[in-house]
Amino acid sequence: QDLGMESWRRVWTPPRGKPWSRELWAPELHRLRGKWWIYVAADDGENANHRMYVLEGSGDDPQAPFELKGKIAAPTDRWAIDATVLEMPGDRLYLVWSGWEGTENVAQHLYIAPMRDPWTIDGERVRISSPEHEWEKRGGIPSINEGPQALRNGDRLFIIYSASGSWGDDYCLGQLAWTGGDVLDPGSWAKKPAPVFSRTDGVFGPGHCCFAKSPDGTE
């Protein structure tokens, strides 16, 4: 199907009065272990209560209705958004997301944790990136690392993420490159010291990307 050319459907509406009823952010659709899943951040109307939730598809059609499978959180359960799934050889799954270190909104970091199945984190979170460069801190506090996306090129693996405030023109994309070894080891990720996509005279705030193959599969 061509993006934007086919009809859209509402696949899930949260009930009122729940911790996941409001401020649904950054839904992602994934095909994992024979089923469709949607990962979405939601809260009860208070941003400080944002957490990640998993919706389970009801069939092979990604436009068929979804049901809430539940909240997905690490043992250290903090503010969390922008979940994506990293698939590794051996059918190993990892959740990557943006979250707070503590309970104050001063910075968003990138975390990774192993998954037991598409709806359960199976281990403690590990921080693999924090806003450290000037281009990751534009827009003021909170400084931002968010919107992680896995990108493979042959046997090379990257995480492309958004940096600086999305509310400003300097929202941009940074890159973590996997250097081999355990993806749960922060030392296995090398951050590029400059953004890989940033503003120009004609383009402002490129951020929170996704990747798709060209029709012929070559790009």
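Below, the structure is looked at part by part. (Residues numbered from 1 in each chain as written. Predicted model: local features only at pLDDT ≥ 70, side-chain atom pairs only at ≥ 80, totals over all residues. Heavy atoms only, no water.)

## Some words on the overall build of the protein
Heads up, the condition is: A run of H or I in DSSP counts as a helix once it spans at least four residues, and a run of E counts as a strand once it spans at least two, with each numbered from the N terminus. Per-residue accessibility, obtained with a 1.4 Å probe over protein chains only, is compared with the maximum for each type, and a residue is labelled buried under 20%, exposed over 50%, and partly exposed between these values. Should any heavy atoms of two residues lie within 4.5 Å, those residues are counted as being in contact. Surface accessibility in these figures is a Shrake-Rupley result with a 1.4 Å probe; residues are shielded only by whichever protein chains are displayed. Asp and Glu are treated as the negative residues and Lys and Arg as the positive ones, with His and the ends of the chain left uncounted. To locate a charge, the coordinates of NZ of Lys, CZ of Arg, CG of Asp or CD of Glu are taken.
Along its length, the protein carries 0 helices and 13 strands. From first element to last, N terminus to C terminus, the protein shows the α and β order β-β-β-β-β-β-β-β-β-β-β-β-β. Dimensions of the protein, computed from the C-alpha atoms along their principal axes, are close to 45 × 45 × 40 Å. The proportion of buried residues among the 219 residues of the protein is 44%. For the protein, restricting intrachain contacts to residue pairs at least 6 apart in sequence, the fraction spanning at least 24 positions comes to 46%. Carbon and sulfur atoms provide 49% of the accessible area of the protein, an area that totals close to 11,800 Å². Side chains of the protein carry 24 positive and 32 negative charges; the gap between the two charge centres is 3 Å.

## Details of the packing of aromatic side chains
Under the convention used in this document: Whether two aromatic rings pair depends on their centres lying within 6.5 Å, for rings of Phe, Tyr and Trp, where Trp uses its six-membered ring; planes under 30 degrees apart make the pair stacked, over 60 edge-to-face, and the rest tilted. Our definition puts a charge over a ring when NZ of Lys or CZ of Arg is within 6 Å of the ring centre and also within 35 degrees of the ring normal.
Under the defined criterion, the tally for this structure stands at 4 aromatic pairs. Over the ring of Trp119 we find Lys69, and its NZ or CZ is 4.3 Å from the ring centre. We note Arg125 situated over the ring of Tyr111; from NZ or CZ to the ring centre the distance is 4.1 Å.

## Observations regarding the pattern of salt bridges
Rule in force here: Here, a salt bridge means any Lys or Arg side-chain nitrogen found within 4 Å of an Asp or Glu carboxyl oxygen.
Across all of its chains, the model carries 13 salt bridges by this definition. With a shortest N-O distance of 3.5 Å, Asp61 and Arg9 are connected by a salt bridge. Of the two residues, Asp61 is situated in the loop between β3 (51–57) and β4 (66–72) and Arg9 in the segment before β1 (22–32); the sequence distance between them amounts to 52 residues. Overall, the relative accessible area of 48% leaves Arg9 in the partly exposed class. Measuring nitrogen to oxygen at the nearest pair gives 3.7 Å for the salt bridge that ties Arg199 to Asp170. In this pair, Arg199 is assigned in the segment after β13 (189–191) and Asp170 in the loop between β11 (156–163) and β12 (172–178), connecting sequence segments 29 residues apart. Assessed through its relative accessible area of 37%, Arg199 is described here as partly exposed.

## A look at unusual backbone geometry
Residue Pro142 is bonded to the preceding Ile141 through a cis peptide linkage, with omega at 5°. Checked against the element boundaries, Pro142 lands in the loop between β9 (126–129) and β10 (145–153). Despite not being glycine, Arg33 has its phi angle at roughly 50°, a positive value. Inspection of the secondary structure puts Arg33 in the loop between β1 and β2 (35–43). Positioned with a positive phi, Asp91 is a non-glycine residue whose angle comes to about 60°. Tracing the chain through its elements places Asp91 in the loop between β5 (80–88) and β6 (92–99). Given the relative accessible area of 46%, Asp91 is considered partly exposed.

## Describing the pairing of β5
One face of the sheet, then the other: side chains in a regular strand alternate in exactly this way. Our working rule: One bridge is not enough; two strands pair if DSSP finds at least two bridges between them.
The buried count for β5 comes to 8 of 9 residues, which makes it a mostly enclosed element. Turn length for the β5-β6 hairpin, with the two strands adjacent in sequence and antiparallel, is 3 residues, and the turn residue Gly90 shows positive phi of about 85°.

## A look at the state of the cysteines
Which entries qualify depends on this criterion: Counting rule for disulfides: a pair of cysteine sulfur atoms within 2.5 Å.
If you walk through the whole model with that rule in mind, you get 0 disulfides. Cys209 takes part in no disulfide bond, and the closest cysteine sulfur to it belongs to Cys210, at a distance of 6.9 Å. Given the relative accessible area of 16%, Cys209 is considered buried. By relative accessible area, Cys210 is classed as exposed at 61%.

## Description of the sheet that holds β2
This is how the line gets drawn: Only the stretch in contact is used when a helix axis is fitted, and all axes are lines through C-alpha atoms; the angle between N-to-C directions ranges over 0 to 180 degrees.
Pairing in this open sheet of 4 strands is antiparallel, and the strands run β1-β2-β3-β4 from one edge to the other. The two strands at the open ends of the sheet, each matched to only one other strand, are β1 and β4. The sheet shows a mean angle of 25° between the axes of neighbouring strands, direction not considered. In this sheet, β4 lies alongside β3 in antiparallel orientation, the contact comprising 6 bridges. Residue pairing for β4: Val54 is matched across the bridge by Gly70.

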